[in-house]
Amino acid sequence: MSDTSPISDGHNHEEEAIAGATRDIAEVPAVEVITTTAVHLMSAAAVKTGLADDPEQQTDLDEARKLIDALAGLVTASAAHLGDQHARSLRDGLRSLQLAFREASPFPDEIGKGPGEKYTGPVN
């Protein structure tokens, strides 16, 4: 097989794309990666909690619980590194999701036992 075969060409393009993505991510500050990840978790949790445009089809509280737990762990662990402005916004969003989850639950968890509360403390 020669180096100009379609298979070889595809492999070279993949390597170039990976190298380009690695260079790109190396230039992104950690705060931006953390906040972007948190926003993705928040968005997914909001949909699964029933806060999107089609709650009858999109609500899945088991999935929402997992996403809120992950978000709470991320926000709690990274707050000291984010600065007050970023951390406060993320904590406010997290708290809103925790309250929305409690409201959406047919059998709400005890205060202090809801999603993410092992990281954030009781939310009411």
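Before any of the text, the structure's been laid out above.
Report follows, based on the coordinates. What you see is a predicted model; the values in this text were computed from it and never measured.

Remarks on helix α5 (residues 84–104)
The α-helix winds at 3.6 residues per turn, so residues separated by three or four positions along the chain end up facing the same way.
Right, so step 1: Here α5 is 21 residues long and its end C-alpha atoms lie 30 Å apart, about the 30 Å a rise of 1.5 Å per residue gives.
Right, so step 2: Where α5 is buried, its residues contact α2 (30–49), α4 (61–82) and α6 (117–120).

Things to note about the packing of α2 against α4
Right, so step 1: At a minimum axis separation of 9 Å, α2 and α4 run at an interaxial angle of 155 degrees. Considering their axes alone, α2 and α4 lie roughly antiparallel with respect to each other. As α2 packs across α4, the resulting crossing turns out to be left-handed. Residue-level inspection shows Val31, Ile34, Thr35, Thr37, Ala38, Leu41, Met42, Ala44, Ala45, Lys48 and Thr49 of α2 in contact with α4, the latter providing Leu61, Glu63, Ala64, Leu67, Ile68, Ala70, Leu71, Leu74, Ser78, His81 and Leu82.
Right, so step 2: Among the residues making up the contact of α2 with α4, the classes are represented as 15 nonpolar, five polar and two charged.

Describing the pattern of salt bridges
A pair can form between side chains of opposite charge whenever their charged atoms are brought close.
Right, so step 1: All told, the structure shown has five salt bridges when counted by the stated rule.
Right, so step 2: A salt bridge links Lys66 to Glu63; the shortest N-O distance between them is 3.3 Å. One end of the pair is Lys66 and the other is Glu63, both in helix α4 and three residues apart, which spans about a single turn.
Right, so step 3: Note that Arg88 and Asp84 form a salt bridge whose closest N and O atoms lie 2.0 Å from each other. Here Asp84 and Arg88 lie together in helix α5, a separation of four residues that amounts to about one turn.
Right, so step 4: Classification of Arg88 as partly exposed rests on a relative accessible area of 44%.
Right, so step 5: Where salt bridges share partners, they join Asp62, Glu63 and Lys66 into one cluster.

Description of empty space enclosed by the protein
Right, so step 1: If you walk through the whole model with that rule in mind, you get one cavity of 30 Å³ or more.
Right, so step 2: Considering the residues around the largest cavity, the lining is formed by Gln98, Phe101, Arg102, Ser105, Pro108, Asp109, Gly114, Pro115, Glu117 and Val123.
Right, so step 3: Of the residues forming the lining of the largest cavity, the biggest block, three residues, is contributed by α5.
Right, so step 4: Looking at the lining of the largest cavity residue by residue, the classes come out as four nonpolar, three polar and three charged.

Comments concerning the packing of α2 against α5
Right, so step 1: Interaxial distance between α2 and α5 falls to 10 Å at its minimum, and their mutual angle equals 15 degrees. Here α2 is positioned roughly parallel relative to α5, judged by the angle of their axes. For the crossing formed where α2 meets α5, the hand is left-handed. On α5, the residues that touch Val31, Thr35, Ala38, Met42, Ala45, Ala46 and Thr49 of α2 are His86, Ser89, Leu90, Gly93, Leu94, Leu97, Ala100, Phe101 and Ala104.

Definitions and cut-offs
Residues numbered from 1 in each chain as written. Predicted model: local features only at pLDDT ≥ 70, side-chain atom pairs only at ≥ 80, totals over all residues. Heavy atoms only, no water. Helix = DSSP H or I, 4+ residues; strand = E, 2+ residues; numbered from the N terminus. Expected span 1.5 Å × (residues − 1). Contact = heavy atoms within 4.5 Å. Axes fitted to C-alpha atoms, helices over the stretch in contact; angles between N-to-C directions. Parallel < 35°, antiparallel > 145°, perpendicular 65-115°, else oblique. Left-handed = near helix turned anticlockwise from the far one by under 90°. Nonpolar A, V, L, I, M, F, W, Y, C, P; charged D, E, K, R; others polar. Salt bridge = Lys/Arg side-chain N within 4 Å of Asp/Glu carboxyl O. Buried < 20%, exposed > 50% of the residue type's maximum accessible area, 1.4 Å probe, protein only. 1 Å grid on protein atoms, 1.4 Å probe; cavity = no way out; pocket = protein on both sides within 12 Å on 5 of 7 lines; lining within 4 Å. Points joined across faces, edges and corners; volume = space filled by probe spheres on them.

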